[in-house]
Amino acid sequence: MVMRPEINSCNELVYLDGLEIRLLNSVMEAINATLVYHPALLGEWGVRLENGTWTGLFGNPINKVSDVSIGVAIVDAALWELADFTIPHLIFDMSWHVPCAKPIPRWTSLFRAFSTELWFMFVFVYFAVSIVIWTTLWMIGIEAKKSRTNLGICFLSMWAVVLGTSSSTFFPSKASIRFIFLIWVLYSLAINTVYQTYLTSFLIDPGLEKQFNTEEELINSNLKLGYHYFMGHRYKELLTQRYKRRMMCDDLERCFSRLAYRGDMALLMSVSVGRYKSIFKYSSPSGSPGFCHLKEVFAKVLIGMLLQKGSPFLEVFNAVVLRLSEAGMMGYWWNDIIHMAFLTGNTHLTSSDSESYSQLSTVHMQSAFYSLLLGYLLSIIIAACEIAVKKWMKVWKLRL
């Protein structure tokens, strides 16, 4: 991994930091050599041309442009005849990087407290109880006339109980009616208490939509499956019908940007490289990563430095890399780079105390206010319709 390319005062390309830059600097210090950087020819990893030559990072030492190439150079048997690899200094897990689960819209909090089946059952019980009470009143006869209770009044009374308000309707002192009404009050109390509890929780934290967890879920989705040409060259299964929505990502930076901002594709990449990119460059202001990755490992790869075939530097490079790896320097450098990414990236480190509570604001309550406005709008429309119908009925009676 190389980072922070820059042109110095001598108009020369230099890299200021990076895991493999630190490794290479240590090797150069051990052999008392000076670094001169050459950019990769025609791409990052490079591709194999029809004439058998390579471009990009692999092509530099093969074409005698540079003595060594670094930058997540995967140890591959197809290159052994053309160049030499040092002993691996990293072992990377290759996995599919996918868009992170998006927050569930807050307006759905009004309905997420209960399942669809429970909502249907609630509506059914509401209509059933209202109709049963009205039928019982109708069967009473004279006493029902005194109470002046019709079906509409029964529906309104039962709904008032659901909302936790008193019912102004006079019900006859019939044991069966009082018993049904009492059962409905208890049922409404239980439903109302559970609903308000879950509603408050969902308004504060609505949660996330379903996250991709397996490759099978990814294959069955509509996302494009992106990978570098070299991955297709190395893993032939990527060219099968299973990955029919594949797309080539020769420009990995553009694919990372598309994954983070558009979220319409998945990218096969090293978990370590993807984690660094998602934190350092594509994280949100709140500190969440720009994209996620599947826990399933597609493949494990060895990372080394690529030298010219028969290079005299091979033995000394191997000796220094082996000592640094055994000393745990690769892990130390990597943790330091990730820590600096948190400090200098788009993230905001928050303490555990600030995460223990959430202050309610209009953002949390927007779905409730939208519902209130919708209710007011419907009430105004219904009132206007009633006034219009009443005036029309008066005109119609005068004409008669």
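Residues numbered from 1 in each chain as written. Predicted model: local features only at pLDDT ≥ 70, side-chain atom pairs only at ≥ 80, totals over all residues. Heavy atoms only, no water.

Explain the overall build of the chain to me, and be specific about the residues and the numbers.
Helix and strand content of the chain: 14 helices and ten strands. When each of the 400 residues of the chain is scored for burial, the buried share is 38%. Considering only intrachain contacts with a sequence separation of at least 6, the fraction spanning at least 24 residues in the chain is 67%. Summed over all atoms, the accessible surface of the chain reaches about 24,000 Å², with 62% contributed by carbon and sulfur. (Helix = DSSP H or I, 4+ residues; strand = E, 2+ residues; numbered from the N terminus. Buried < 20%, exposed > 50% of the residue type's maximum accessible area, 1.4 Å probe, protein only. Contact = heavy atoms within 4.5 Å. Areas by Shrake-Rupley, 256 points an atom, 1.4 Å probe, with all protein chains shown as cover.)

I'd love a proper account of the environment of A190, names of residues and values included.
Structurally, A190 is set in helix 7 (residues 175–204). For the pair A190 and V162, spaced 28 residues apart in the sequence, the C-alpha separation amounts to 9.7 Å.

Run through the side chain of S188, naming residues and quoting values.
Inspection of the secondary structure puts S188 in helix 7. Taking the relative accessible area as the measure of exposure, S188 reaches 3% and is therefore buried. Apart from residues lying up to four places away in sequence, S188 is in contact with V161 and V162.

A description of helix 12 (residues 314–326) should follow, citing residues and the corresponding values.
Taking 1.5 Å per residue as the helical rise, helix 12 with its 13 residues ought to reach 18 Å, and the 18 Å between its terminal C-alpha atoms agrees with that figure. When helix 12 is considered as a whole, its buried residues turn out to be F317, N318, V320, V321 and L324. Just downstream of helix 12 lies G328, where phi reads positive at about 80°. (Expected span 1.5 Å × (residues − 1).)

Describe in detail the side chain of H89, supporting the description with residues and values.
Tracing the chain through its elements places H89 in the loop between strand 4 (83–85) and strand 5 (90–98). For H89, a relative accessible area of 6% corresponds to the buried category. When near neighbours in sequence (up to four residues on either side) are disregarded, H89 contacts E20, L23, I303, G304, M305, V321, S325 and M330.

How would you summarise the packing of helix 1 (residues 19–31) against helix 12 if you had to cite specific residues and measurements?
Contact geometry for helix 1 and helix 12: axes closest at 10 Å, N-to-C directions at 120°. Here helix 1 is positioned oblique relative to helix 12, judged by the angle of their axes. Crossing angle aside, the handedness with which helix 1 passes helix 12 is right-handed. Here L23, L24, S26, V27, M28, A30 and I31 of helix 1 lie close against helix 12, whose contacting residues are V316, F317, V320, V321 and L324. Counted by class, the contact of helix 1 with helix 12 contains eleven nonpolar, one polar and no charged residues. (Axes fitted to C-alpha atoms, helices over the stretch in contact; angles between N-to-C directions. Parallel < 35°, antiparallel > 145°, perpendicular 65-115°, else oblique. Left-handed = near helix turned anticlockwise from the far one by under 90°. Nonpolar A, V, L, I, M, F, W, Y, C, P; charged D, E, K, R; others polar.)

Can you tell me about the layout of surface pockets, naming the residues and giving the values?
Roughly 820 Å³ of internal volume is contained in the second largest pocket. What lines the second largest pocket is a set of 19 residues, among which W119, W159, V162, L163 and Y195 lie closest to the centre. Elements with a contribution of two residues or more to the lining of the second largest pocket: helix 3 (109–112), helix 4 (116–140), helix 6 (151–162), helix 7 and helix 14 (366–399). Broken down by element, the residue count for the lining of the second largest pocket peaks at six residues, all from helix 7. (1 Å grid on protein atoms, 1.4 Å probe; cavity = no way out; pocket = protein on both sides within 12 Å on 5 of 7 lines; lining within 4 Å. Points joined across faces, edges and corners; volume = space filled by probe spheres on them.)

Give a detailed account of the nonpolar core, specifying residues and quantitative values.
Core analysis: the biggest nonpolar cluster contains 70 residues, and W96, M231, L238, L267 and M305 have the highest contact counts within it. In terms of nonpolar packing, the next biggest core, distinct from the first, is built from 20 residues, A113, Y126, I177 and L199 among them. (Core = buried A, V, L, I, M, F, W, Y, C linked by side-chain atoms within 4.5 Å.)

Break down the state of the cysteines for me, citing the residues and quoting the values.
Tallying each qualifying case throughout the model produces two disulfides. Between the sulfur atoms of C249 and its disulfide mate C255 the distance is 2.2 Å. The disulfide joining C249 to C255 has a torsion of about -100° about its S-S bond and is therefore left-handed. For the residue pair C249 and C255, the accessibility class agrees, reading buried in each case. (Disulfide = S-S within 2.5 Å.)

I'd love a proper account of the packing of aromatic side chains, names of residues and values included.
Enumeration according to the criterion identifies 21 aromatic pairs in this entry. When the ring of Y261 is compared with that of Y282, the centres are 5.6 Å apart and the planes differ by 70°; the resulting orientation is edge-to-face. A residue pair is termed long-range when its members are at least 10 positions apart, and Y261 in helix 10 (residues 252–261) and Y282 in the loop between helix 11 (271–280) and strand 9 (292–293) qualify at 21 residues. Taking relative accessible area as the criterion, Y282 reaches 7% and is therefore assigned buried. Linked through ring pairs, F114, W119, F122, Y126, F127, F155, W159, W184, Y187 and Y195 together constitute an aromatic cluster. Here the guanidinium or amino end of R112 rests over the ring plane of F202, the centre of that ring lying 4.1 Å away. (Phe/Tyr/Trp six-rings, centres within 6.5 Å; stacked < 30°, edge-to-face > 60°. Lys NZ or Arg CZ within 6 Å of the ring centre and 35° of its normal.)

Let's hear about the pattern of salt bridges: which residues, and what values?
Applying the stated criterion to the full structure yields ten salt bridges. D84 is paired through a salt bridge with K309; the nearest N and O atoms lie 3.4 Å apart. Remark: K309 occurs in the loop between strand 10 (299–308) and helix 12 and D84 occurs in strand 4; sequence separation between them is 225 residues. On the accessibility criterion, D84 (13% relative accessible area) is buried. (Salt bridge = Lys/Arg side-chain N within 4 Å of Asp/Glu carboxyl O.)

Could you give an account of the packing of helix 6 against helix 7, naming the residues involved and the relevant values?
How two helices sit against one another is set out by the angle between their axes and by the gap between those axes. Between helix 6 and helix 7, whose axes approach to 8 Å, the crossing angle comes to 40°. As summarised for this structure, helix 6 and helix 7 are arranged oblique, according to the angle between their axes. Contacts between helix 6 and helix 7 involve M158, V161 and V162 from the first element and F181, W184, V185, S188 and N192 from the second. Split by residue class, the contact of helix 6 with helix 7 holds six nonpolar, two polar and no charged.

Can you lay out a nonpolar patch on the surface for me, pointing to particular residues and giving the numbers?
Residues F179, L182, I183, V185 and L186 make up a contiguous nonpolar surface patch of roughly 460 Å² in combined accessible area. Note that F179 resides in helix 7. Residue classification places F179 among the exposed positions, given a relative accessible area of 54%. (Patch = residues over 30% accessible without salt bridge, like charges linked within 9 Å, V, L, I, M, F, W, Y side chains within 5 Å.)

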